[in-house]
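Summary of structural features
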Amino acid sequence: MPRASLFALLCVLVASCAAPPGRGVLELEVVAPQGVRPRVVVRGPEFERWVETGGPVRLSDLAPGTYSVEAMPVEGEDGYTYRGQVGLDGEGVGA
């Protein structure tokens, strides 16, 4: 079965005026082929969030620490399994 790529592009903002002192913001741009519902999970200190829509996602008021972003394989309407890929553009979440 042919495979294509589902991309989850990650942009991280280290400091933001919108975040309380000592907190951070994580911004994601989720991109998927037409007809494919993405499944991306973000995990961090006492935090887990599933993203199942394409487009920009802003996670705010995050505790400092290490966060992981994983794009899960999904099956499209065309019957193909799309493997997720995450691209990093940023330095990390911190205070």
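Before going into details, it helps to say that this report is about the structure given with it. (Residues numbered from 1 in each chain as written. Predicted model: local features only at pLDDT ≥ 70, side-chain atom pairs only at ≥ 80, totals over all residues. Heavy atoms only, no water.)

1. A few points about the sheet that holds strand β6 (residues 68-71)
Reading across the sheet, the three strands line up as β4-β3-β6 and stay open at both edges, with antiparallel pairing between neighbours. Since the sheet does not close on itself, it has two edges, and those belong to β4 (47-51) and β6, each with one partner. Geometrically, the sheet is characterised by an average inter-axis angle of 15° between neighbouring strands, direction not taken into account. With five bridges connecting them, strand β3 (residues 40-44) and β4 associate as antiparallel partners. Considered in β4, the bridge of valine 42 is made with arginine 49. (Pairing = 2+ DSSP bridges. Helix = DSSP H or I, 4+ residues; strand = E, 2+ residues; numbered from the N terminus. Axes fitted to C-alpha atoms, helices over the stretch in contact; angles between N-to-C directions.)

2. Section: the packing of aromatic side chains
All chains considered together, the criterion is met by one aromatic pair. Seen from their ring centres, phenylalanine 47 and tyrosine 67 are 6.1 Å apart, and the 65° between their planes marks the pair as edge-to-face. Taken together, the positions of phenylalanine 47 in strand β4 and tyrosine 67 in the loop between β5 (55-62) and β6 put the pair 20 residues apart, joining distant regions of the chain. (Phe/Tyr/Trp six-rings, centres within 6.5 Å; stacked < 30°, edge-to-face > 60°.)

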